[in-house]
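# Fold and geometry: a report
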Amino acid sequence: MALKLPYDLEEEILARVPWKYFATLRCVCKLWNSLILEERLNKKNLSFHMHSYSGEHRFILKDTGPTISAVGIEEQKNVVDPPSLIVQDFTLIKARTCNPVRVYKTVHCDGLLLCVMDNQLVVRNPLLKETTWIKCGSDFHQRDDAYSLGYLSHCDYRILRFRCASNSRNRPSRVEVCEVASKTWKVIDNISFDWFLSVPLSILSLRGTPYCIGLREDHTAFVQSYDFYKERFQPIDDLPFSYDELNPIALEIYKGDRLSVLEQCHKTRKICIWVKHWLMLTSWTKLVVVDIPEFPLIYPRLALLSTNYYFDKNNRLVITCNDTDMKGLSIIRVINDKEFQVIKADEGECGFPFFMQLRSKLC
């Protein structure tokens with residue numbers, strides 16, 4: 001005879017289950033499925049497992065075909081030993097044809113992935129294995145156009161798609177926003193661009209707001225955001241260094257509430273990382289300096305691909321590095337001020353890196 005547990009007790013049990021099992025547990029019954037989709041339970045689960053989330057970082061990697069992989073680092077007991085890679089397949093499959101879908105770009109926002117294809121987009125929750133397909137026009141180009149995923153609230157996700165006037169094909173500038181729930185697009189008028197995107201593109205979403213690195217006509221660089229409420233771009237602050245197109249740069253999130261920017265000198269290979277709180281009107285603070293002459297150049301000269309980085313639970317810098325022939329990718333972990341480890345990713349799988357932190361964030 002089946003034992004019927006009180007509703008509150010079932011919720012409490014599920015809140016203590018590691019989030020990676022949620023996708024399987026949703027199939028147990030309708031009650032568990034509805035519980036797992038509730039924001040209240042997700043917040044409880046996050047509070048119980050906060051210590052374990054700090055290590056759940058993944059690099060999203062895709063090759064020139066349809067393959068998408070989430071690659072994480074498995075720490076060894078001895079910190080000196082090189083870590084091993086954990087590879088999880090994230091390749092999108094069309095349900096009707098059972099064929100893999102080719103993805104050109106991936107964008108991350110609070111555990112959700114926006115996958116950009118030819119004439120359609122997919123918003124995907126990798127943990128709960130949910131996907132939302134969205135049609136879009138064919139007048140945007142994979143190289144000229146930028147995409148970001150954000151939200152007005154945790155139940156109102158938006159997709160930002162824009163193109164600056166200064167692009168390789170001299171195509172007119174345009175800004176569009178899609179409401180994910182209704183799958184409707186809106187063209188944003190009266191936006192003029194006196195800036196263009198840096199190459200490689202470095203776009204992220206922090207607390208639902210898209211951020212990117214922009215360049216002015218005098219080639220000064222700054223951080224730009226897009227406000228979904230006001231429907232306009234807003235400059236945040238100039239970068240804390242003089243922009244040099246030969247120096248690799250990247251924009252990331254630090255500890256969930258701060259913007260972080262990285263620059264590497266292409267001559268000395270010295271890396272500097274600055275942080276700035278997203279809300280407070282403070283200046284950039286230099287966080288880390290890695291001055292190892294033998295350190296690889298993060299990406300080749302004038303490459304279109306950005307680098308990605310984060311700090312692991314032991315506060316060590318982990319960073320992606322594209323090979324000079326652009327056929328392979330390495331993940332580098334800085335051990336101390338003189339040593340670093342290189343973990344070589346498989347050439348067949350790893351070509352275009354993107355960083356995300358996995359969470360079970362759903363409405």
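Within every chain, residues take consecutive numbers counted from 1 along the sequence as written. Where totals are concerned, whole chains, interfaces and linings use all residues; where local detail is concerned, this predicted model gives features only for residues with pLDDT of at least 70, and gives and counts side-chain atom pairs only at 80 or more. Calculated side-chain values reflect all of the structure's heavy atoms, with hydrogen atoms and water omitted.

## Let's talk about the overall build of the chain
Basically, it comes down to this: Each helix is a run of H or I in the DSSP string that is no shorter than four residues. Each strand is a run of E no shorter than two, and both are numbered from the N terminus. Think of it in three bands: residues with accessible area under 20% of the maximum for their type are buried, residues over 50% are exposed, and the middle band is partly exposed, with areas taken using a 1.4 Å probe on protein chains only. When checking whether two residues touch, look at their non-hydrogen atoms; a contact exists if any pair is within 4.5 Å. In short, Shrake-Rupley with a 1.4 Å probe defines the accessible areas, and a residue's cover is counted only from the protein chains shown.
Helix and strand counts for the chain stand at five helices and 25 strands. Expressed as a percentage of the 363 residues in the chain, the buried residues total 50%. Summarising the internal contacts of the chain: among those between residues at least 6 apart in sequence, 49% fall at separations of at least 24. When the accessible surface of the chain is split by element, carbon and sulfur atoms take 51% of a total near 18,100 Å².

## Thoughts on the nonpolar core
The following threshold applies: Residues belong to one nonpolar core when they are buried, are Ala, Val, Leu, Ile, Met, Phe, Trp, Tyr or Cys, and are joined through side-chain atoms within 4.5 Å.
Membership of the largest hydrophobic core comes to 52 residues, with the highest contact counts inside it found for Phe162 and Trp195. Take this core: its biggest share by element is five residues, from strand 19 (residues 271-277). Leave out the neighbours within four places in its chain, and Trp195 touches Phe162, Cys164, Cys212, Gly214, Leu215, Phe222, Gln224 and Phe233. Membership of the second largest hydrophobic core comes to 16 residues, among which are Val107, Ile134, Cys178 and Val180.

## Things to note about the confidence of the model for the chain
This is how the line gets drawn: Confidence of the predictor at the level of single residues is given by pLDDT, which spans 0 to 100.
With 67% of its residues at a pLDDT of 70 or more, the chain shows a mean pLDDT of 76. Note that pLDDT drops below 50 for residues 347-363; the model gives that stretch 91 contacts with residues more than four away or on any other chain.

## Looking at the pattern of salt bridges
Counted only if it meets this: Salt bridges are defined by distance alone: a side-chain nitrogen of Lys or Arg within 4 Å of a carboxyl oxygen of Asp or Glu.
Applying the stated rule across the entire model yields nine salt bridges. Across the salt bridge formed by Asp238 and Arg216, the nearest N and O atoms sit 2.9 Å from each other. With Asp238 in strand 16 (residues 232-238) and Arg216 in strand 14 (residues 209-216), this residue pair connects regions lying 22 residues apart in the sequence. For Arg216, a relative accessible area of 26% translates into the label partly exposed.

## Observations regarding the sheet that holds strand 11 (residues 184-187)
By way of backbone hydrogen bonds, the strands of a sheet pair with one another, either parallel or antiparallel. This is how it is decided: Pairing between strands is defined by DSSP: at least two bridges between them are needed. Axis definition: a line fitted to C-alpha atoms, over the contacting stretch in the case of helices. Angles run 0 to 180 degrees between N-to-C directions.
With respect to topology, four strands assemble into an open sheet ordered 8-9-10-11, the strand pairing being antiparallel. At either margin of the open sheet sits one strand with a lone partner, and together these are strand 8 (146-153) and strand 11. The average angle at which neighbouring strand axes cross in this sheet is 25°, direction not considered. Inspection of the sheet shows strand 8 paired to strand 9 (residues 156-163) by seven bridges, in the antiparallel sense. Note that in strand 9 the partner of Gly150 across the bridge is Arg158.

## Description of the sheet that holds strand 18 (residues 258-264)
Strand order in this open sheet of four strands is 17-18-19-20, and the pairing throughout is antiparallel. Unpaired on one side and paired on the other, strand 17 (249-254) and strand 20 (285-290) mark the two borders of the sheet. With direction set aside, neighbouring strand axes in the sheet form an average angle of 25°. One ladder, built from six bridges, connects strand 17 with strand 18; its direction is antiparallel. Residue pairing in the sheet places Glu252 in a bridge with Ser260 of strand 18.

## Some details on unusual backbone geometry
With a phi close to 55°, Glu231 is a non-glycine residue in the positive phi region. If you check the backbone angles, Arg269 has positive phi at about 65° while not being a glycine. The residue Arg269 is located in the loop between strand 18 and strand 19 in this model.

## Topic: the side chain of Asp156
Just so we agree on the cut-off: N or O atoms within 3.5 Å of each other form a polar contact, as long as, within protein, one can give a hydrogen and the other can take it, and as long as residues adjacent in sequence are counted only when both atoms are side-chain atoms.
Topologically, Asp156 is positioned in strand 9. Among the residues examined, Asp156 registers a relative accessible area of 17% and is labelled buried. Side chain to side chain, Asp156 and Arg158 meet in a polar contact 2.8 Å long. If we ignore the near neighbours within four places in the chain, the residues touching Asp156 are Gly150, Tyr151 and Glu179.

## Concerning the side chain of Arg333
Take Arg333: it is sitting in strand 23 (residues 329-334). Polar contacts involving the side chain of Arg333 include one to the side chain of Gln341, which spans 2.6 Å.

## Topic: the pairing of strand 9
Counted residue by residue, strand 9 has eight buried out of eight residues, so it is predominantly covered. Counting the residues between successive antiparallel strands, the hairpin from strand 8 to strand 9 contains two residues. Note: strand 9 against strand 10 (residues 174-179), six bridges, orientation antiparallel. Among the inter-strand pairings, Phe162 is bridged to a residue of strand 10, identified as Val175.

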